[in-house]
Amino acid sequence: MNTLSLGLKRIRYELVGYFRARDAVVFTFLFPIGMLLLFGSIFRDQLVGPPGEEVSMAAIYFAGMLAAGVWLSGLQTLAIDLATEKHEGGLKRLAATPLTPTAYFIGKLGLVFITNLIQMILLVLVGVFVFDIALPTEPEEWLTFAWVWMLGLACFTALGIALSALPRSARAASAVIIPIVLIPQFLSGVYLPLMLLPDWLQQVAQFVPLTWVGRGMRAVFLPDFMEAMELNSAWDLGMGAINIAIWLVIGLVLSKLTFRWMRERSK
């Protein structure tokens, strides 16, 4: 088989393994959906905005959970999977098979893309049918959603590969990676409006790529008057694209420098 054929078969293998792993399904796939149901139900009657144009807090959390879904699918899924497979010897065993490194990563990237696509669809369905979220009607808004989603997913996937180098054992993978993935969610406007953070944390948040993916999602799904509640009172989509692209390059460089196919021998 050629590399592409092997890679496509690997995608199916990765998907089957992913949905059989209960912890992966709960903490990456279903987590944003569950959080949207929780926060949306608690705050759905709270409205923000001028009379006659109000938007519910559920809509704000909806945009945040879309960003969180991209973050978890790209960063957490790959980081834990790669670290576990490396330290349990899975990557070493693959070296004895016809599977090439390129085909292996086609499988991983296909897993991330497909699971996150399904996740995005489910989040939209929950938003529309449970919380009456109004979807964009202009093609330009859907184009913005597409590039924010795809650029964000590529960035977080690259960072996830780089992050997989941190755990020193398979058992430690979740304990090391989950806090690193969790903390930025509280700094990026996913759960708390950025304006509620201290000034110095607002400045830190400007450097977190998840902040800009969340801002892009809010620009698509929230009314224009909500722009005034952002830092600098602007969506700043161009600056967001630059920030995410820079982190994508950083992730690719770190992945190249740190990723190893097998565990290094202990000294």
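Residues numbered from 1 in each chain as written. Predicted model: local features only at pLDDT ≥ 70, side-chain atom pairs only at ≥ 80, totals over all residues. Heavy atoms only, no water.

S.K.: Describe helix α11 (residues 237-258), naming the residues involved and giving the relevant values.
M.R.: End to end, α11 covers 31 Å across 22 residues, agreeing with the expected 32 Å (1.5 Å per residue, within 8%). Three or more residues of α11 are buried, namely Gly240, Asn243, Ile244, Leu248, Gly251 and Ser255. All buried residues of α11 project into a common sector of 140° when viewed along the axis, lining one side. Among the exposed residues of α11, those oriented more than 90 degrees off its buried face are Leu252, Lys256 and Leu257. Those residues of α11 hidden inside the fold are in contact with α7 (139-163) and α10 (209-221). (Helix = DSSP H or I, 4+ residues; strand = E, 2+ residues; numbered from the N terminus. Expected span 1.5 Å × (residues − 1). Buried < 20%, exposed > 50% of the residue type's maximum accessible area, 1.4 Å probe, protein only. Arc of directions from axis to C-beta. Contact = heavy atoms within 4.5 Å.)

S.K.: Outline empty space enclosed by the protein, supporting the account with residue identities and numerical values.
M.R.: Summed over all chains, the structure comprises one cavity of 30 Å³ or more. Considered as a void within the structure, the largest cavity measures approximately 40 Å³ in volume. Looking at the lining of the largest cavity, the elements with two or more residues in it are α7, α10 and α11. Per-element accounting of the lining of the largest cavity gives the leading share, four residues, to α11. Residue composition of the lining of the largest cavity, by class: seven nonpolar, two polar and one charged. (1 Å grid on protein atoms, 1.4 Å probe; cavity = no way out; pocket = protein on both sides within 12 Å on 5 of 7 lines; lining within 4 Å. Points joined across faces, edges and corners; volume = space filled by probe spheres on them. Nonpolar A, V, L, I, M, F, W, Y, C, P; charged D, E, K, R; others polar.)

S.K.: I'd like to hear about a nonpolar patch on the surface, residue by residue, with values.
M.R.: Nonpolar side chains collect at one region of the surface, where Phe19, Leu37, Phe113, Leu117, Ile118, Ile121, Leu122, Leu125, Phe129, Val130 and Met150 lie side by side and expose about 920 Å² of accessible area between them. It is helix α6 (residues 101-131) that provides the largest number of residues to the nonpolar patch, a total of eight residues. Since its relative accessible area comes to 39%, Phe19 is described here as partly exposed. (Patch = residues over 30% accessible without salt bridge, like charges linked within 9 Å, V, L, I, M, F, W, Y side chains within 5 Å. Areas by Shrake-Rupley, 256 points an atom, 1.4 Å probe, with all protein chains shown as cover. Salt bridge = Lys/Arg side-chain N within 4 Å of Asp/Glu carboxyl O.)

S.K.: Break down the layout of surface pockets for me, citing the residues and quoting the values.
M.R.: Considered as a void within the structure, the largest pocket measures approximately 540 Å³ in volume. Top contributing element to the lining of the largest pocket by residue count: helix α4 (residues 57-87), with six residues. Looking at side-chain class alone, the lining of the largest pocket contains nine nonpolar, seven polar and eight charged residues. Taken as a whole, the second largest pocket encloses approximately 310 Å³ of empty space.

S.K.: Residues and numbers for unusual backbone geometry, please.
M.R.: Negative phi values dominate among residues other than glycine, just as trans dominates among peptide bonds. The backbone of Asn232 shows a phi angle near 65°, a positive value even though the residue is not glycine. Here Asn232 is to be found in the loop between α10 and α11. Despite not being glycine, Ser233 has its phi angle at roughly 55°, a positive value. Mapping Ser233 onto the fold places it in the loop between α10 and α11.

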